[in-house]
Amino acid sequence: MPQLVFATSNAHKTEEVAAILGDDWRVEDLRAHPGVTLDEETGDTFEANAIIKAVSGSRSVPGLLVLADDSGLEVDVLGGAPGVRSARYAGENANAADNRVKLKGELIKVAQTEPFTGRFHCCMVLARDGEVLHVTNGSVEGRLLTEEVGAGGFGYDALFIPDGFTETFGVLPAETKNQLSHRARALAAMKEQLASLA
Ligand code: ITT
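Residues numbered from 1 in each chain as written. Predicted model: local features only at pLDDT ≥ 70, side-chain atom pairs only at ≥ 80, totals over all residues. Heavy atoms only, no water.

Mapped onto the elements, Ala-186 comes out in helix α5 (residues 182–197). Take Ala-186: its relative accessible area is 0%, and that puts it in the buried class. C-alpha of Ala-186 to C-alpha of Met-124: the two residues are 62 residues apart in sequence and 6.2 Å apart in space. Excluding residues within four positions of it along the chain, Ala-186 makes contact with Cys-122, Met-124, Thr-136, Asn-137 and Gly-138. (Helix = DSSP H or I, 4+ residues; strand = E, 2+ residues; numbered from the N terminus. Buried < 20%, exposed > 50% of the residue type's maximum accessible area, 1.4 Å probe, protein only. Contact = heavy atoms within 4.5 Å.)

This structure, assessed with the given rule, holds 17 salt bridges. Between Arg-119 and Asp-76 there is a salt bridge whose closest N-O contact spans 3.0 Å. One end of the pair, Arg-119, is in strand β4 (residues 116–128); the other, Asp-76, is in the loop between β3 (65–75) and α3 (96–109), and 43 residues separate them in sequence. Judged by relative accessible area, Arg-119 falls into the buried class, the value being 16%. Note that Lys-102 is salt-bridged to Glu-106, the shortest N-O span being 3.2 Å. Remark: Glu-106 and Lys-102 occur in helix α3; sequence separation between them is four residues, near one turn of the helix. (Salt bridge = Lys/Arg side-chain N within 4 Å of Asp/Glu carboxyl O.)

Inspection of the entire model under this criterion finds zero disulfides. The cysteine Cys-123 is free of any disulfide, with Cys-122 supplying the nearest cysteine sulfur at 7.0 Å. (Disulfide = S-S within 2.5 Å.)

We now examine α5. With 16 residues, α5 extends 23 Å between its outermost C-alpha atoms, agreeing within 8% with the 22 Å of an ideal straight helix rising 1.5 Å per residue. Of the residues making up α5, those classed as buried are His-182, Arg-183, Ala-184, Ala-186, Leu-187, Met-190 and Leu-194. In the core, the buried residues of α5 are packed alongside β1 (3–6), α1 (11–21), β3, β4, β5 (131–144) and α4 (174–180). Capping the start of α5, Ser-181 holds a side-chain oxygen 3.2 Å from the backbone nitrogen of Arg-183, two or three residues further along. (Expected span 1.5 Å × (residues − 1). Polar contact = N/O pair within 3.5 Å; in protein donor to acceptor, adjacent residues only side chain to side chain.)

Cis geometry marks the peptide bond from Ala-81 to Pro-82; its omega dihedral reads 0°. Residue placement: Pro-82 occurs in the loop between β3 and α3. Phi at Asp-129 is positive, roughly 50°, even though this residue is not glycine. On the secondary structure map, Asp-129 appears in the loop between β4 and β5. With a relative accessible area of 46%, Asp-129 lands in the partly exposed category.

What follows is about the sheet that holds β3. Strands in a sheet are paired, the pairing made by backbone hydrogen bonds, and the direction either parallel or antiparallel. Strand order in the open sheet formed by six strands is β2-β1-β3-β4-β5-β6, with mixed pairing between adjacent strands. Whereas interior strands pair on both sides, the edge strands pair on one side only; in this sheet they are β2 (26–28) and β6 (160–162). Across the sheet, the axes of successive neighbouring strands diverge by a mean angle of 35°, strand direction being ignored. When β1 meets β2, the two strands line up parallel, connected through three bridges. Each bridged residue has a counterpart across the sheet, and for Gln-3 the counterpart in β2 is Arg-26. Sheet contacts for α3: β3, β4 and β5; angle to β3, the most-contacted strand, approximately 30°. Here α5 sits on the sheet and contacts β1, β3, β4 and β5; the angle it forms with β5, its principal contact strand, is near 155°. (Pairing = 2+ DSSP bridges. Axes fitted to C-alpha atoms, helices over the stretch in contact; angles between N-to-C directions.)

Further remarks concern the side chain of His-33. Note on placement: His-33 falls in the loop between β2 and α2 (46–60). Apart from the residues lying within four places of it in its own chain, the contact partners of His-33 are Gln-3, Val-5, Glu-28, Val-61 and Leu-64.

Next up on the list: the site of the ligand. Around the ligand, a shell composed of 20 residues is seen, among which Thr-8, Lys-13, Lys-53, Asp-157 and Lys-177 lie nearest. Here an oxygen atom of the ligand and a side-chain polar atom of Thr-8 are 2.6 Å apart. Note that a nitrogen atom of the ligand is positioned 3.0 Å from one of the side-chain N or O atoms of Arg-183. Within the complex, 89% of the 610 Å² of free accessible area of the ligand lies under protein. Considered class by class, the residues forming the shell around the ligand number four nonpolar, eight polar and eight charged. (Near = heavy atom within 4 Å. Areas by Shrake-Rupley, 256 points an atom, 1.4 Å probe, with all protein chains shown as cover. Nonpolar A, V, L, I, M, F, W, Y, C, P; charged D, E, K, R; others polar.)

Listed below in structure tokens is the structure:
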């Protein structure tokens, strides 16, 4: 089975990518490659940050294919926030629960009633030996709640209902999320390139 180093410290992302790719690839994240160091995410777009992670990560593992995912939530009424700052919305050391509290607070402050439309976006970058091989993007549109529903998924999942559904990603089965998520779509667009390198 070909090997893919996934340049992430977020085990939830790894679980989703491994489930989506199935038996086609052995996906190993930074837990299996503790020597891999990633440069700081200083970009102001998902693509810039995904490139930083993929390129810097791939320099640490010569010859290996490295995939990076930079993703986040964009809420229209908040001007696209939290966007690229999704992981740090409530502060540099914030965890996912802190970030959800911050988001709920910002939505409640807005002088507009629901629905609060928005989307998850994901940029995936494939690199090897410091060179970008391919860039793809995926999004899933939906709406945000001001109360959490469900304990599944991670990050903002309990606050997000994808279009066409009535339940949040915190309630919907992982299999459903992995068919329609921003991550699934970015990865689907990457599949042909991956297959040609397997
Ligand atoms: P790595 O940089 O190590 O990959 P990270 O979690 O810091 O991990 P990002 O910088 O890409 O990753 O930030 C993504 C944040 O966006 C993530 O921490 C969540 O808060 C949110 N997010 C992204 N995808 C999500 C999803 O599928 N469900 C819920 N929240 C998501």
